[in-house]
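# Structure assessment
One letter stands for each residue in the lines below.
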Amino acid sequence: MSSSDTERPSGADSPADQPAGALPAVVAPQLRALRRQASLTLEAAARAAGLSPAHLSRLETGQRQPSLPMLLALARVYGTTVSELLGETVAGRDAVVRAADMEPNEAGGWTYWQAGASGRGMQALRVRVPYGSQGDIVRVHPGEEWLHVLRGRLRLRLGDTAHRLAPGDSAHFDSLTPHRIAAEDHDGVELLFVHTLLQSPTAALCLGPTPGETP
């Protein structure tokens, strides 16, 4: 969930990434616009999200499709939500989100439903993770994560420790701890997932872009 998430250290395209076309066409320009709005260079934003500048550039030009964990990573860096990255319009900031209003979205094989309003200091999602999807990607980023297993069994690795969570189990951890998330069962796993968002300019101070650089 790597929607900042550190992808493979080499910065090469992950198997989870797909050729452009499955996500709305607005995503690529939206990624670039939000990066510039956060006053981050391509290099600084890529470093904060655990990507190579070349990989982020391909996402911004629509040559590659980001996975959901990657979208989560960029949302944290830019202090926004996955919904905004996808160009979705969320009406107001109502305290209640009705089930009928939750539209499913898919990225990198993961399906998610927005379970909270935009413009908050944290983002809440209901996420379905299929078996064998992105379970080998290690993620490291500032912030905190909380997840709760609704259905199926989850394999969660925090640092050097492996955990298996059953329905009703939860985990709350510092996201700077290297972590991996995967479905234990072939039927996949469904989660409630909450993560903190880094807000600019605090994100810039924490993540260290070079002052005065232009995108």
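We now turn to the structure provided with this report.

Cut-offs and rules
Residue positions are given per chain, counted from 1 along the sequence in the order it is written. Only residues with pLDDT of at least 70 are given local features in this predicted model, and only at 80 or more are side-chain atom pairs given and counted; all residues enter the totals for whole chains, interfaces and linings. In computing side-chain values, all of the structure's heavy atoms are included and hydrogens and water are not. Only buried Ala, Val, Leu, Ile, Met, Phe, Trp, Tyr and Cys residues count toward a nonpolar core, and they belong to the same one when joined by side-chain atoms within 4.5 Å. For the exposure calls, accessible area comes from a 1.4 Å probe over protein chains only, and a residue counts as buried if that area is under 20% of its type's maximum, exposed if over 50%, partly exposed in between. Secondary structure follows DSSP: runs of H or I at least 4 residues long count as helices, runs of E at least 2 residues long count as strands, and numbering of each begins at the N terminus. We call two residues in contact whenever any of their non-hydrogen atoms come within 4.5 Å of each other. Salt bridges are identified by distance alone: a Lys or Arg side-chain nitrogen within 4 Å of an Asp or Glu carboxyl oxygen. Note: the arc covers the axis-to-C-beta directions of the helix. The pairing criterion for strands is at least two bridges between them, as found by DSSP. Axis angles are defined between N-to-C directions and span 0 to 180 degrees, where every axis is a line fitted to C-alpha atoms and, for a helix, only to the segment in contact.

With that settled, consider the nonpolar core. The biggest cluster of nonpolar side chains holds 45 residues, and the ones touching the most others in it are Leu56, Leu74, Tyr78 and Leu154. Among the elements that line this core, the one with the most residues is helix H4 (residues 68–78), at 9 residues. Those residues in contact with Leu74, other than ones at most four positions away along the chain, are Leu31, Ala49, Leu51, Leu56, Leu59 and Leu85.

Glancing now at the pattern of salt bridges. According to the stated counting rule, one finds 9 salt bridges in the structure shown. Two residues, Glu145 and Arg76, come together in a salt bridge whose shortest N-O distance is 3.2 Å. Here Arg76 lies in helix H4 and Glu145 lies in strand E6 (residues 144–151), a separation of 69 residues in the sequence. Salt-bridge contacts for Arg151 lead to Glu190; the nearest nitrogen and oxygen are separated by 3.7 Å. Of this pair, Arg151 sits in strand E6 while Glu190 sits in strand E11 (residues 189–196); the two residues are 39 residues apart in sequence, bridging distant segments of the chain. Given a relative accessible area of 36%, Arg151 falls into the partly exposed group. In the salt-bridge network here, residues are joined through shared partners; they are Arg126, Arg128, Arg151 and Glu190.

In this section: H4. Buried residues dominate H4, accounting for 11 of its 11 residues. Within the sequence span of H4, burial applies to Leu68, Pro69, Met70, Leu71, Leu72, Ala73, Leu74, Ala75, Arg76, Val77 and Tyr78.

Turning to helix H3 (residues 53–60), its buried residues are His55, Leu56, Leu59 and Glu60. Burial along H3 is one-sided: seen end-on, the buried residues are contained in an arc of 140°. Where H3 is buried, its residues touch helix H1 (27–37), helix H2 (42–49), strand E2 (64–65) and H4.

Here the focus is the pairing of strand E4 (residues 110–114). Of all 5 residues in E4, 5 are buried, a share of seventy percent or more. Neither face of E4 is exposed, since Trp110, Tyr112 and Gln114 on one face and Thr111 and Trp113 on the opposite face are all buried. Count of turn residues in the strand E3 (residues 105–107)/E4 antiparallel hairpin: 2 residues, of which Gly108 carries a positive phi of about 60°. Sheet topology note: the E4/strand E5 (residues 122–129) ladder contains 4 bridges and is antiparallel. Paired with Tyr112 across the bridge in E5 is Val127.

Moving on, we come to the sheet that holds E6. Strand order across the open sheet formed by 6 strands is E3-E4-E5-E11-E6-E9, with antiparallel pairing between neighbours. Taken across any chain shown, the strands that pair with only one partner, and hence form the sheet edges, are E3 and strand E9 (170–174). Across the sheet, the axes of successive neighbouring strands diverge by a mean angle of 25°, strand direction being ignored. Note that E5 and E11 share 8 bridges and pair antiparallel. In the strand pairing of E11, Ala124 is matched with Val194. Against the sheet, H4 makes contact with E3, E4, E5, E6 and E11, and its axis sits at roughly 15° relative to E11, the strand it touches most.

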